[in-house]
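# Structural features, examined
Each chain is listed here by its residues.
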Amino acid sequence: MNILYGTNNPAKLLEMKQRLKCLPVQLSGLADLKEEVPAVHETGSTPLENARQKAEFYYQAFHIPVFSCDSGLYFDSLPEELQPGVHVRRVHGKNLTDEEMIAYYSGLARQYGNLKARYKNAVCFIMDDDHRYEAMTPSMESREFLLTSRPHPVREKGFPLDSLSVDLRTGIYFQDLPEDTWELESDGIFQFFQKICQSVC
């Protein structure tokens, strides 16, 4: 099954291809389309609302099977007004560059101490007018990790916060973790698409 992943981020597309490589799906991204890609405005207050908005927008634009994902970042012991939620990149009304994100979030970690964090993730898949699937479950959340004030010297375009994120189990920066670290049996997004494939592929 050929599916459009509603993202312009090549790092996210590569990550999702790796995550779903065991399934009978062929993924492409917005950059692979020959048509002009219109801009979509995300106004949701939760990852699921934003994922739904993007999937519906791209399905209406291209009328092909499409899914979109969205994430929110949430910290322990951080005041509510400073919780990024779905606005991970947008701070004080400005969309930050990768380097600006690293500077801002490392500053938070310096101010409040190393922060325990997790991503809450959601996905919405529209196969056709009659088949739509969406989910935002605890199994889609990332493992809890540590956001530190000391950036890793290596940067990965599209994933700037990986240079600040440390795996709590190993103490290793995300940048230094092996590439193929997916635990598919507990990966909610993999399970989401696995169930769809079992029913329609």
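Overview of the structure. Just so you know, these numbers come straight off a predicted model, no measurement behind them. Here the residue numbers are simple positions, counted from 1 along each chain's written sequence. This being a predicted model, a pLDDT of at least 70 is required before a residue's local features are given, and a value of 80 or more before pairs of side-chain atoms are given or counted; all residues contribute to the totals for chains, interfaces and linings. As a rule here, side-chain values come from all non-hydrogen atoms in the structure, and water together with hydrogens is ignored.

## Let's talk about the overall build of the protein chain
- Under the DSSP-based scheme used, a helix requires at least four consecutive residues in state H or I and a strand at least two consecutive residues in state E, with every element numbered from the N terminus. Check the secondary structure of the protein chain and you find 4 helices and 9 strands.
- When the helices and strands of the protein chain are placed in sequence order, the string is β-α-β-α-β-β-β-α-β-β-β-β-α.
- In this description the radius of gyration comes from C-alpha coordinates, and the expected globular size is given by 2.2 Å times residues to the power 0.38. Its C-alpha radius of gyration of 17 Å places the protein chain within 12% of the 17 Å reference for a compact globule of 201 residues.
- Principal-axis analysis of the C-alpha atoms places the extent of the protein chain at approximately 50 × 35 × 30 Å.
- Among the 201 residues that make up the protein chain, the fraction classed as buried is 44%.
- Taking the contacts inside the protein chain whose residues are at least 6 apart along the sequence as the reference set, 60% of them involve residues at least 24 apart.
- The accessible surface values rely on the Shrake-Rupley method and a 1.4 Å probe; as for residues, cover is taken only from the protein chains in view. Summed over all atoms, the accessible surface of the protein chain reaches about 11,000 Å², with 49% contributed by carbon and sulfur. To sort residues, take the accessible area from a 1.4 Å probe on protein chains only and compare it with the maximum for the residue type: under 20% means buried, over 50% means exposed, and anything in between is partly exposed. Working rule for contacts: check all heavy atoms of both residues, and any pair within 4.5 Å makes them a contact.

## Section: the side chain of Thr-7
- By the element assignment, Thr-7 lies in the loop between β1 (2–5) and α1 (10–19).
- Those residues within four positions of Thr-7 in sequence are excluded, and the remaining contacts are Lys-12, Leu-13, Gly-29 and Leu-30.

## Comments concerning the pairing of β1
- Note on pairing: two strands pair once DSSP finds at least 2 bridges between them. Note: β1 against strand β2 (residues 26–29), 4 bridges, orientation parallel. Each bridged residue has a counterpart across the sheet, and for Asn-2 the counterpart in β2 is Gln-26.
- At this point the chain moves from β1, through α1, to the parallel β2, and the crossover so formed is right-handed.
- The sheet contact formed by β1 and strand β3 (residues 66–75) spans 2 bridges and is parallel. Directly across from Tyr-5, in β3, lies its bridge partner Phe-67. Place the viewer so that the strands point away; then a crossover is right-handed whenever the path from the first strand over the helix to the second strand goes clockwise.

## A look at the pairing of strand β7 (residues 131–135)
- Pairing of strand β6 (residues 115–128) with β7 involves 5 bridges; the strand directions are antiparallel. Residue pairing across strands places Phe-125 opposite Tyr-133, the latter belonging to β7.
- The loop that links β6 with its antiparallel partner β7 comprises 2 residues.

## Quick notes on the packing of aromatic side chains
- Stacked, edge-to-face and tilted labels apply to pairs of Phe, Tyr and Trp rings (six-membered ring for Trp) whose centres lie within 6.5 Å, assigned for plane angles under 30 degrees, over 60, and everything in between, in that order. Per the counting criterion, the structure on display carries 10 aromatic pairs.
- Summarising the aromatic geometry, the rings of Phe-57 and Tyr-58 are spaced 5.6 Å apart at their centres and angled 85 degrees between planes, so their arrangement reads as edge-to-face.
- The exposure class assigned to Phe-57 is partly exposed, which follows from its relative accessible area of 29%.
- Where Phe-125 meets Phe-193, the ring centres are 6.0 Å apart and the plane angle is 55 degrees; that geometry is what we call tilted. Taken together, the positions of Phe-125 in strand β6 and Phe-193 in helix α4 (residues 188–200) put the pair 68 residues apart, joining distant regions of the chain. Take Phe-125 and Phe-193: they sit in the same class, and that class is buried.
- Three or more aromatic residues joined by ring pairs make a cluster, and in this case those are Tyr-5, Phe-67, Phe-125, Tyr-133, Phe-192 and Phe-193.
- Lysine and arginine charges are scored as sitting over a ring when NZ or CZ, respectively, is within 6 Å of the ring centre and within 35 degrees of the ring normal. Above the plane of the ring of Tyr-74 lies Lys-120, whose end atom (NZ or CZ) is 4.8 Å from the centre.

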